[in-house]
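Descriptive analysis of the structure
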Amino acid sequence: GAAHHTFLQHVALEKTGELATEADRLARENYLSVEERAALDLKALAQFWDSPPGKKISAHAASVRRELPFTARFSPAELAEITGGEAADGLENEFVVVQGVADLALLLPAEIWLVDFKTDEVGADNLPEKIKAYAPQLKLYAAALEKIFNRKVTLRALHFLTAQKTVEI
């Protein structure tokens, strides 16, 4: 998982059609160890970059931010609305600080696209369960980016590398 995230963080977006060459470059430049380079599932990575979302992201490479750290402030009521939980009574004047790191955010002038890469083992049988588990996190990240950048997140997607599937949330 860590090797895939490192690769996705450093791959040259104009070279997503040459993933093996890019993986070799990242190993030469010590972003990846020899073992991490060998562990990469280049077929799964290529499937994302060859998909419609991957191609759209590559076409806007200059606006892509990877491993984008953020900090945002939410009221308990906002958090409950985002995550589907319940806000506790008596906390109307309180707030929660949320910090995270967005795997990939495309910051366009009027909108944001957000993609979260998942590297755990996911098959067709447990994909719905994984989507349900990860959706609140993605919604929270999107809400934070909307607050910070003052524009709507119009694409919120989970991409499961092992299942080679992108799911919009």
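Residues numbered from 1 in each chain as written. Predicted model: local features only at pLDDT ≥ 70, side-chain atom pairs only at ≥ 80, totals over all residues. Heavy atoms only, no water.

**With respect to the sheet that holds strand S1 (residues 64-74)**
If you trace the five strands from one edge of the open sheet to the other, you get S1-S2-S3-S4-S5, paired in mixed fashion. At either margin of the open sheet sits one strand with a lone partner, and together these are S1 and strand S5 (165-168). Direction aside, the axes of adjacent strands within the sheet are offset by 40° on average. Here strand S2 (residues 96-107) pairs with strand S3 (residues 111-118) via four bridges, running antiparallel. The partner of Ala105 across the bridge, within S3, is Leu114. Contacts from helix H1 (residues 2-10) reach S1, S2 and S3 within the one sheet, and its direction differs from that of S1 by about 105°. (Pairing = 2+ DSSP bridges. Helix = DSSP H or I, 4+ residues; strand = E, 2+ residues; numbered from the N terminus. Axes fitted to C-alpha atoms, helices over the stretch in contact; angles between N-to-C directions. Contact = heavy atoms within 4.5 Å.)

**Overview of the nonpolar core**
Membership of the largest hydrophobic core comes to 27 residues, with the highest contact counts inside it found for Phe74, Leu114, Leu145 and Phe160. Of all the elements in the fold, those that place two or more residues in this core are S1, helix H6 (76-83), S2, S3, helix H7 (127-149) and strand S4 (152-160). No other element matches H7, which puts 10 residues into this core. In this structure Leu145 touches Leu68, Phe70, Ala102, Ala105, Ile112, Leu114, Asn150 and Val153, once residues within four positions along its chain are discounted. Counting 24 residues, the second-largest nonpolar core is a separate cluster that includes Leu26, Leu32, Leu106 and Trp113. (Core = buried A, V, L, I, M, F, W, Y, C linked by side-chain atoms within 4.5 Å. Buried < 20%, exposed > 50% of the residue type's maximum accessible area, 1.4 Å probe, protein only.)

**A closer look at the pairing of S5**
With four bridges connecting them, S4 and S5 associate as antiparallel partners. Paired with Leu158 across the bridge in S5 is Val167. Linking two consecutive strands that pair antiparallel, namely S4 and S5, is a turn of four residues; a positive phi of about 55° is found at Gln164 within it.

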